[in-house]
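Secondary and tertiary structure notes
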Amino acid sequence: MTLLALAVGGRGLVDPDEPILHVDDEAFLRSRAAFETTRVYGGRPFKLDEHLARLAGSAARVEIGEIDTQELGRLAALALEAAAAPDVMLRLFVTPGRDGAVSPTQVAMVSTLPEGLDELRTRGIRLVSIQLGLDPELRASSPWLLGGVKSTSYAVNMAAEAEAKRRGADDAVFLGSGDVVLEGPVTNVWWRYDEVLYTPALELGILAGVTRATLVEEAAGAGYEVREGAFPLEHLAGADEAFTSSSIREVMPVVELDAAPVGSGAPGPAARELQNALRQEASR
Ligand SMILES: Cc1ncc(COP(=O)(O)O)c(C=O)c1O
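Let me sum up the structure you'll find in this document. In this text the structure is predicted, and so the values were computed from the model without any measurement. (Residues numbered from 1 in each chain as written. Predicted model: local features only at pLDDT ≥ 70, side-chain atom pairs only at ≥ 80, totals over all residues. Heavy atoms only, no water.)

Details of the site of the ligand
In plain terms, the rule: We call a residue near a molecule or strand when any one of its heavy atoms sits within 4 Å of it. Contacts described as polar in this section are N or O atom pairs within 3.5 Å, which, within protein, must combine one atom able to donate a hydrogen with one able to accept it, while residues neighboring in sequence count only if both atoms come from side chains. Using the Shrake-Rupley algorithm and a 1.4 Å probe, accessible areas are obtained, with residue cover drawn only from the displayed protein chains. The helix count covers DSSP runs of H or I at least four residues long, the strand count covers runs of E at least two residues long, and both are numbered beginning at the N terminus. Residues are grouped as follows: Ala, Val, Leu, Ile, Met, Phe, Trp, Tyr, Cys and Pro are nonpolar; Asp, Glu, Lys and Arg are charged; all remaining types, including Gly, are polar.
Surrounding the ligand, one finds 17 residues, the nearest of these being Lys-150, Tyr-154, Val-210, Thr-211 and Ser-247. Here an oxygen atom of the ligand sits 2.5 Å away from a polar atom, N or O, in the side chain of Tyr-154. Glu-183 places a side-chain nitrogen or oxygen 2.9 Å from a nitrogen atom of the ligand. Isolated, the ligand exposes 390 Å² of accessible area, and the fraction of that covered by the protein chains is 95%. Elements that contribute at least two residues to the shell around the ligand include exactly α2 (48-61), α7 (210-221) and β13 (241-246). Residues that form the shell around the ligand fall into these classes: 5 nonpolar, 9 polar and 3 charged.

Quick word on the nonpolar core
Heads up, the condition is: We define the nonpolar core as a collection of buried residues of types Ala, Val, Leu, Ile, Met, Phe, Trp, Tyr and Cys that are connected through side-chain atoms lying within 4.5 Å of one another. For each residue, the accessible area found with a 1.4 Å probe, counting protein chains only, is set against the maximum for its type, and the residue is called buried under 20%, exposed over 50%, and partly exposed in between.
The biggest cluster of nonpolar side chains holds 24 residues, and the ones touching the most others in it are Leu-55, Ile-67, Leu-72, Leu-90, Leu-92, Val-94 and Val-110. With 6 residues, the single largest contributor to this core is helix α3 (residues 69-83). In terms of nonpolar packing, the next biggest core, distinct from the first, is built from 22 residues, Leu-175, Val-189, Leu-236 and Val-254 among them.

What to know about α7
Taken as a whole, α7 has its buried residues at Val-210, Thr-211, Arg-212, Thr-214, Leu-215, Glu-218 and Ala-219. With its phi angle positive at about 90°, Gly-223 sits one or two positions after the end of α7.

Description of the packing of aromatic side chains
Let me state the cut-off plainly: Working definition: rings of Phe, Tyr and Trp (its six-membered ring) pair if their centres are within 6.5 Å, and the pair is stacked with planes under 30 degrees apart, edge-to-face with planes over 60 apart, and tilted otherwise.
Counted by the stated rule, this structure contains 8 aromatic pairs. Judged by centre distance (5.7 Å) and plane angle (15°), the rings of Trp-190 and Phe-243 are stacked. Residue Trp-190 is found in strand β10 (residues 188-193), and its partner Phe-243 is found in strand β13; the two are separated by 53 residues along the sequence. On the basis of relative accessibility, which here comes to 0%, the residue Trp-190 falls in the buried class. Accessibility expressed as a relative area gives 0% for Phe-243, which makes it buried. Between Tyr-193 and Tyr-198 the ring centres are 5.8 Å apart and the planes differ by 90°, which places this aromatic pair in the edge-to-face class. Residue Tyr-193 is classed as partly exposed on the basis of its relative accessible area, which comes to 23%. By the ring-pair criterion, three or more aromatic residues cluster together here, those being Trp-191, Tyr-193, Tyr-198 and Phe-231.

Digging into helix α6 (residues 155-166)
Here is the rule we go by: One less than the residue count of a helix, multiplied by 1.5 Å, gives the span that helix is expected to have. Think of it as the arc spanned by the lines of direction from the helix axis to the C-beta atoms.
The first and last C-alpha atoms of α6 sit 16 Å apart over 12 residues, in line with the 16 Å expected at 1.5 Å per residue. What α6 keeps buried is the set Asn-157, Ala-160, Glu-161 and Ala-164. One side of α6 carries all its buried residues, which in axial view fall inside an arc of 100°. Within α6, the exposed residues directed more than 90 degrees away from the buried face are Ala-155, Val-156 and Arg-166.

Things to note about the packing of α7 against helix α9 (residues 269-282)
Here is the rule: The axes are straight lines fitted to the C-alpha atoms, using for helices just the contacting stretch, and the angles between their N-to-C directions are given from 0 to 180°. Here the angle decides the label: under 35 degrees means roughly parallel, over 145 means roughly antiparallel, 65 to 115 means roughly perpendicular, and every other value means oblique. By the convention used here, residues are in contact when the closest approach between their heavy atoms is within 4.5 Å.
It is the contact of α7 with α9, at a shortest axis distance of 10 Å, that shows an interaxial angle of 105°. Viewed along their axes, α7 and α9 adopt a mutual orientation that is roughly perpendicular. Contact with α7, carried on its side by Thr-211, Thr-214, Leu-215, Glu-218 and Ala-219, involves Leu-274, Ala-277, Leu-278 and Glu-281 of α9 and no other residues of that element. Per-class residue counts for the contact of α7 with α9 are 5 nonpolar, 2 polar and 2 charged.

As for the sheet that holds strand β2 (residues 12-14)
Stated formally: Pairing between strands requires that DSSP locate at least two bridges from one strand to the other.
Taken together, the 6 strands give an open sheet; going across it, the order is β2-β1-β6-β5-β3-β4, and neighbouring strands pair in antiparallel fashion. Each edge of the open sheet carries a strand with a single partner, namely β2 and β4 (44-45). In the sheet, strand β1 (residues 3-8) pairs with strand β6 (residues 105-111) via 5 bridges, with the strands oriented antiparallel. From the neighbouring strand, Leu-6 faces β6, where its bridge partner is Met-109.

What to know about the pairing of strand β14 (residues 250-257)
By the criterion of burial, β14 is predominantly enclosed, with 7 of the 8 residues buried. Examined bridge by bridge, strand β7 (residues 125-131) and β14 share 3 bridges and lie parallel to one another. Bridge assignment links Ile-125 to a residue of β14, and that residue is Val-254. Of the pairings in the sheet, the one linking β13 to β14 comprises 5 bridges and is antiparallel in character. Bridge pairing in β14 places Thr-244 opposite Met-252. Two elements, β14 and strand β15 (residues 260-261), share 2 bridges in a ladder whose sense is antiparallel.

Concerning the pattern of salt bridges
Note the threshold: One speaks of a salt bridge when a side-chain nitrogen belonging to Lys or Arg is within 4 Å of a carboxyl oxygen belonging to Asp or Glu.
Scanning the model with the defined rule gives 20 salt bridges in all. Of the charged contacts, one joins Asp-118 and Arg-121 as a salt bridge, the two residues approaching to 3.0 Å between their closest N and O atoms. Here Arg-121 and Asp-118 lie together in helix α4 (residues 117-123), a separation of 3 residues that amounts to about one turn. On the accessibility criterion, Asp-118 (45% relative accessible area) is partly exposed. A residue is classified by how much of its surface remains accessible, and Arg-121, at 11% relative accessible area, is buried. Between Arg-249 and Asp-171 there is a salt bridge, and its shortest N-O distance comes to 3.0 Å. Of the two residues, Arg-249 sits in the loop between β13 and β14 while Asp-171 sits in strand β8 (residues 171-176), which places them 78 residues apart along the sequence. Taking relative accessible area as the criterion, Arg-249 reaches 23% and is therefore assigned partly exposed.

In structure tokens form, the structure reads like this:
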């Protein structure tokens, strides 16, 4: 991924090679910052308002205080115009700023998309389950554990992805205690039995994915009922098909879980239909 353009609150467009944060920003000192990632289709960020609303919520949860979503929208537009590329990744960051700063530092970054996603979608991905060692109910009722918050403290998520790759897979799925399925390090998780789609409930302290919400809306039109809840790993393992959802990877079919095939071991029809529905929604 290449950084194409960068815009910073109070400064406007900044050369992507120029440093923009200070070492005494808690974003650096303690990973206390919030972020969003969204996909840009034909120059338009998908569901930017939903991402800005989630960012405001995450910022509040990590004690950053009130962020200026209007300014972030302007910074996003500036960076997108400077990048002058239609299909890219837009990332927004808010940090507390230097010690004593009166307002947060706000940043919009536009980068190229990761390569190979469509090839992966055709082949389907292999998942491994990774224990998070947390009681999901406890996590959801303990706000300081930051369940469902998109903070920049993602080292655990990245370590889980790396572990999945070490085990010969493409991605991980986190389990809570009792082997309850939660989410992937950067995705929500779904599976299907007949015409019913299952996905972990937000009450488990997982991230409220913007793509997840889009698919919940699109599912009925595609002929599927959606059931949200606390489901054990074996429910996912025995499904007819499975897939993950995220802004950048979109709907990604899962063909293997813990080295065993899921369903027929090939990408399934619901993943294909919902990917098409997502793309249609994005082009509207
Ligand atoms: C932990 C986690 N769950 C789910 C998602 C998917 O969210 P969205 O569809 O809004 O990209 C992400 C996205 O980065 C994530 O980090």
